[in-house]
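Close look at the chain arrangement
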Amino acid sequence: MTAVQTETVTRDRLLEMQRRMCEIRAFEDIVKDWFSRALVRGSTHLYQGQEAVAVGITSALRRGDTTTCTYRGHGTVLAQGAPLDRSFGEILGKANGLCGGKGGSMHLADLSVGALGSFAIVGAHLPISVGAAWASQLLGTGAVSATFFGDGAANIGTFHEALNLAGVWKLPVLFVLENNLYGEYSPITTTTANPELVDRAAAYGMPGLRVDGNDVVAVFDAAASAVARGRSGQGPTLIEAMTYRQSGHSRSDPAKYRPAGELEGWLARDPLTVAERRLHDMGVETAELDRLRADAEAKVRRAAERALSWPEPRPEDRFEDLWVH
Amino acid sequence: MTTTMTAAATVDINYRKVIARALADELATDTKVVFLGEDVGAAGGAFKSTEGLKQRFGDRVRDTPISEQAIIGAAVGAALMGLRPVAEIMFADFAGVCFDQLVNTLAKYRYTSGGQARVPVTVRMANGAGAGFGPQHSQPAENWFLNIPGLKIVVPGTVEDMYGLLRSAIRDDNPVLVFEHKNLFALKGRVPAEPDDAYLVPIGEADVVRTGQDVTIVATQQMRHRALEAADQLAATGVTAEVIDPRTLVPFDLKTVVQSLRKTSRLVVVQEGPPDGGWGATLIASISSHHFELLDAPPTLIASDPVPVPYSTPMEDAWLPDASRIAAVVLQLVRF
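Numbering of residues starts from 1 in each chain and follows the order in which that chain's sequence is written. For naming, the first written chain is A and the first written ligand is 1, with later ones following in the order written. Restriction of local features to residues with pLDDT of at least 70 applies here, the model being predicted, together with a cutoff of 80 or more for giving and counting side-chain atom pairs; totals for whole chains, interfaces and linings are based on all residues. Calculation of side-chain values draws on the structure's entire complement of heavy atoms; hydrogens and water are dropped beforehand.

**A look at the overall build of chain B**
We count it as follows: The helix count covers DSSP runs of H or I at least four residues long, the strand count covers runs of E at least two residues long, and both are numbered beginning at the N terminus. Computation of the radius of gyration draws on C-alpha atoms alone. For the globule rule, the value is 2.2 Å times the number of residues to the power 0.38. Categorising residues by exposure relies on relative accessible area from a 1.4 Å probe, with only protein chains included: less than 20% of the type maximum marks a residue as buried, more than 50% marks it as exposed, and the intermediate range marks it as partly exposed. Each accessible area is a Shrake-Rupley estimate made with a 1.4 Å probe; only the visible protein chains count as cover when residues are assessed. We treat Lys and Arg as the positive residues and Asp and Glu as the negative residues; His and chain ends play no part in the count. Every charge is mapped to an atom, namely NZ of Lys, CZ of Arg, CG of Asp or CD of Glu.
Looking only at helices and strands, chain B has eleven helices and 14 strands in total. What you see for chain B is a C-alpha radius of gyration of 20 Å, in line with the 20 Å of a compact globule of 336 residues. Referenced to the eigenvectors of the C-alpha coordinate spread, the extents of chain B come out at roughly 60 × 55 × 45 Å. Within the span of chain B, comprising 336 residues, buried residues form 60% of the whole. With the model as given, the accessible surface of chain B reaches about 12,600 Å², and the carbon-plus-sulfur share is 53%. Charged side chains of chain B number 30 positive and 38 negative; the gap between the two group centres comes to 4 Å.

**Comments concerning the overall build of chain A**
Spelled out, the test is: Whether two residues are in contact is decided by their heavy atoms: any pair within 4.5 Å suffices.
When helices and strands are counted, chain A shows ten helices and eight strands. Whereas a compact globule of 325 residues would reach a radius of gyration of roughly 20 Å, chain A reaches 19 Å, a difference of no more than 12%. Overall size of chain A, expressed as C-alpha extent along the three principal axes, is 55 × 50 × 40 Å. Of all 325 residues assigned to chain A, the portion counted as buried reaches 58%. Summarising the internal contacts of chain A: among those between residues at least 6 apart in sequence, 75% fall at separations of at least 24.

**What to know about the pattern of salt bridges**
Residue and element names in this part refer to chain B. This is how the line gets drawn: Salt bridge criterion: a side-chain nitrogen from Lys or Arg within 4 Å of a carboxyl oxygen from Asp or Glu.
Scanning all chains against the criterion turns up 37 salt bridges over all chains. Ionic pairing is found between Asp161 and Arg224, a salt bridge with its closest N-O pair at 3.9 Å. A residue pair is termed long-range when its members are at least 10 positions apart, and Asp161 in helix H6 (residues 159-171) and Arg224 in helix H7 (residues 221-235) qualify at 63 residues. No difference in accessibility class separates Asp161 from Arg224, as the two residues are buried.

**As for helix H4 (residues 84-91) of chain A**
Residues and elements named next belong to chain A. Of all eight residues in H4, seven are buried, a share of seventy percent or more. Considering only its buried residues, H4 is in contact with helix H1 (11-36), helix H3 (74-79) and helix H10 (286-309). At the C-terminal side of H4, Gly93 shows a positive phi close to 75°.

**Concerning the domain arrangement of chain B**
Residues and elements named next belong to chain B. Quick note on the threshold: Source of the domain bounds: an automatic or database domain assignment. Take the accessible area each of two parts loses on contact, using a 1.4 Å probe, and add the two losses: that sum is the buried area. For this analysis, a polar contact is any N or O atom pair within 3.5 Å, provided that within protein one partner can donate a hydrogen and the other can accept it, and provided that sequence-adjacent residues contribute only side-chain to side-chain pairs. Each residue receives one of three labels: charged for Asp, Glu, Lys and Arg, nonpolar for Ala, Val, Leu, Ile, Met, Phe, Trp, Tyr, Cys and Pro, and polar for the others, Gly being one of them.
Partitioning chain B into domains gives domain 1 (10-199) and domain 2 (207-334). Taken over C-alpha atoms, the centre of domain 1 sits 26 Å from the centre of domain 2. With 31 residues of domain 1 in contact, the opposing surface of domain 2 contributes 24 residues. Across the interface of domain 1 and domain 2, roughly 2,100 Å² is buried in total on both sides, 56% from carbon and sulfur atoms. Of all residues in domain 1, Asn143, Leu146 and Val155 give up the largest surface area on contact with domain 2, accounting jointly for 25% of the area buried on that side. Taken together, the links from domain 1 to domain 2 amount to two salt bridges. Counting every contact that joins domain 1 to domain 2 gives 17 residue pairs in polar contact (both at pLDDT 80 or more). Among the elements of the structure, strand E6 (152-154), H6 and strand E7 (176-181) are those that each provide at least two residues to the side of domain 1 that touches domain 2. Classifying every residue of the side of domain 1 that touches domain 2 by side-chain character gives 15 nonpolar, twelve polar and four charged.

**Thoughts on the environment of Arg269(A)**
Residue and element names in this part refer to chain A. Considering the arrangement of structural elements, one finds Arg269 in the loop between helix H8 (262-267) and helix H9 (271-281). When its relative accessible area of 31% is taken as the criterion, Arg269 is described as partly exposed. Remark: the alpha-carbon pair of Arg269 and Asp215, spanning 54 residues in sequence, is separated by 8.7 Å. Those residues in contact with Arg269 that sit more than four places away from it in its chain are Asp212, Asn214 and Val274.

**A word on the confidence of the model for chain A**
For the record, the criterion: For every residue, the predictor assigns a confidence score, pLDDT, that lies between 0 and 100.
Per-residue confidence for chain A gives a mean pLDDT of 94; residues scoring 70 or more make up 97%. Between residues 1-7 of chain A, whose pLDDT stays under 50, and residues either more than four places distant or in other chains, the model counts 14 contacts.

**Here's the deal with the packing of aromatic side chains**
Operational definition: Two aromatic rings, drawn from Phe, Tyr or Trp (for Trp, its six-membered ring), form a pair once their centres lie within 6.5 Å of each other, and the interplanar angle then sorts them: stacked below 30 degrees, edge-to-face above 60, tilted otherwise. Cation placement over rings: the criterion is NZ of Lys or CZ of Arg within 6 Å of the ring centroid and within 35° of the ring normal.
Scanning the model with the defined rule gives 17 aromatic pairs over all chains in all. Pairing Phe159(A) with Tyr204(A) gives two aromatic rings, centres 6.1 Å apart and planes at 80°, and the pair type is edge-to-face. Of this pair, Phe159(A) sits in helix H6 (residues 157-169) while Tyr204(A) sits in the loop between strand E6 (186-187) and strand E7 (208-212), placing them 45 residues apart in sequence. The pair Phe159(A) / Tyr204(A) is uniform in exposure class, with both members buried. Consider the rings of Trp144(B) and Phe145(B), whose centres lie 6.3 Å apart with planes at 40°: the pair is tilted. For Phe145(B), a relative accessible area of 0% puts it in the buried group. Its end group placed over the ring of Tyr111(B), Lys102(A) keeps NZ or CZ at 5.3 Å from the ring centre. A cation over an aromatic ring shows up here: Arg62(B) above the ring of Trp169(A), its NZ or CZ 4.7 Å from the ring centre.

**Thoughts on the interface of chain B and chain A**
Interface size is often expressed as the accessible area that is lost when the parts come together. The interface is formed by 42 residues belonging to chain B together with 37 residues belonging to chain A. Roughly 3,300 Å² of surface becomes buried between chain B and chain A when both sides are summed, with 67% attributable to carbon and sulfur atoms. Applying the counting rule to chain B against chain A returns zero salt bridges. In this assembly, chain B and chain A are joined by 13 residue pairs in polar contact (both at pLDDT 80 or more). Mapped by element, the contributors of at least two residues to the side of chain B that touches chain A are strand E2 (33-37), strand E3 (61-63), helix H3 (68-80), helix H4 (99-106) and helix H5 (109-112) of chain B. Top contributing element to the side of chain B that touches chain A by residue count: H3(B), with nine residues. Per-class residue counts for the side of chain B that touches chain A are 17 nonpolar, 15 polar and ten charged.

**Focus on the sheet that holds E7(A)**
Residue and element names in this part refer to chain A. Rules: Strands pair, by our definition, only if DSSP identifies at least two bridges between them. Inter-axis angles, ranging from 0 to 180 degrees, are taken between N-to-C directions of lines fitted to C-alpha atoms, where helices are fitted over the stretch in contact.
The strand order across the open sheet formed by six strands is E2-E1-E3-E4-E8-E7, and the pairing between neighbours is parallel. Strand pairing shows two members of the sheet lacking a second neighbour, strand E2 (115-119) and E7, which therefore form its edges. Adjacent strand axes in the sheet meet at a mean angle of 15°, parallel and antiparallel pairs treated alike. Pairing geometry for strand E1 (residues 66-70) and E2, over three bridges, is parallel. Looking at E2, one finds that Thr67 is bridged to Ala115.

**Some points on the pairing of strand E5 (residues 122-127) of chain B**
Residue and element names in this part refer to chain B. Counting buried positions along E5 yields six of six residues, so the element is predominantly enclosed. The two faces of E5 match: Thr122, Arg124 and Ala126 on one face and Val123, Met125 and Asn127 on the other face are all buried. Relative to E7, E5 runs parallel, the two being bridged by six bridges. Within E7, the position partnered with Arg124 by the bridge is Val178.

**Description of the packing of helix H5 (residues 126-139) of chain A against H6(A)**
Residue and element names in this part refer to chain A. For clarity, the cut-off: We call two directions roughly parallel when the angle between them is under 35 degrees, roughly antiparallel when it is over 145, roughly perpendicular when it lies between 65 and 115, and oblique otherwise. Handedness of a crossing follows from how the near helix is turned relative to the far one, being left-handed for an anticlockwise turn of less than a right angle and right-handed for a clockwise one.
Axis separation between H5 and H6 bottoms out at 8 Å; the angle between their running directions is 15°. One finds that H5 runs roughly parallel with respect to H6. Taken as a pair, H5 and H6 cross one another with a handedness that is left-handed. Of H6, the residues touching H5 (which contributes Leu126, Pro127, Val130, Trp134 and Gln137) are Thr158, Phe159, Ala162, Leu163, Leu165, Ala166 and Trp169. Its residues assigned to classes, the contact of H5 with H6 shows ten nonpolar, two polar and no charged.

Next comes the structure, spelled out in structure tokens:
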């Protein structure tokens, strides 16, 4: 494990990060409510508690960089700049959703901001970011690709193939392992022979950074160093962000397998609270922080209302978007 | 009357070597074309069908680890960033290793994203039986993908089609799976001496290889050649067979088959591979449902046996439909 050198995140920059985290939190709270009211089909996988990872990483990216993420991907796609209303629209299956209602909650994507998408097969997207980074290397664009995945994905074959290929070709990839301690319903210690996941970086010839995934500044600092390494042609980095999934795996999971007190301990270290403490230390008044959160919630609510008012796709729209003619 | 012909100069080449030639012509035409796979570069390919490309095109031709999932996934990612990747899966059987990337990622990316992206990936795979590679290196794998909307499937059976279809596949903005039959590697043919777009073969167009009046035989790759052999045998008995090579399975050129049936009224489909769930059964179902009135005899599928491809020569030979079996079935239908 390599030590992370903390960079200075300015007050304004941290306020911006906090605003985005508040928007994602409010977004997911609304999605959770919609599920309970059967407004959303199938399943959903919520991001509450992990906002600092998506926001910290994407804050270190620039235009032209890309991300790929999992079916727990609302936060990452929003953090990269996808519009709130069209993201809601996709989850509702609306014609004006990001993907025209063809993907749904598990497939949010907005290529116009570099969000190559949410992939619903565990680990399937890691090689996609490797390919995006390969293109960057061949075309000389300097772009990096950040791929977000959970500790569960560290045990599927694409993890090995993608990290090895990125390592041997020295591709500008940020492998962002969101260690939220549970792969679906199973605690990491029951599924993973060596739970020190960051140590795997050495096997692929890349540095591994373990960071507090609930501290957006720590995540940003790690990302900034990994981005610099990637842009300068030195290759990929594995970032293990220690965080916690505040909800269950999906809407059908009440997460009763969690030991007593575990959730409470992590709630005390909620990423929004951690950032507020930092901002407070920088001299930001409580009233300003409350206003920021309230403004974010109002903005998200308005976006949700817009999305709810949009029309459904027509049945015949299902034939569109398969082929390029 | 005098006719002036200005035929472009052509060269003799075999089915194996024309693969490298088609790849080279596309790599030279479009700098966005890149090529990756196991041993495709320095070694020139496991079948020596990509020799010289690494030397000529450098970094755009990449040797990969033995990582089929990463190969296909990386091709998709690079395509999303504007490149036109060609990925090689050494044996089509190994598509099983990266089945998820092919059917869940490559085939569905454009649709799932609501048409936000084009995914112009070409996947090349060495296909088919008859060369003694045993059960895990001999399967005709094209039927595995027939049920997955979003993948075009081409199955070239001649040198000219290999050249023209591979180049068309690389230019296509959709994912295309190209099956290269390894028992046809020694087949001879002619291609232009210099890159020439006139030799591109459009995806989705069947080839009427031989015209006839009494029966329509539809066959691809190795079976196309056996169908032609059968047609020769049948000619000696006074039966003329029309042989159609669809060349592309998705999209399928049904029109050409229907036009032929208007004349012959009898359909025989020859498919390398087990009978169930394949393009042969699909073609027969489609003709039976929509063009029943054209038929004077039961449409018949000749396929391989529903067992894995066996290794030993007598068993593998028997597994593959041959010309005399095709001719015998045709004679039954003609007398129906």
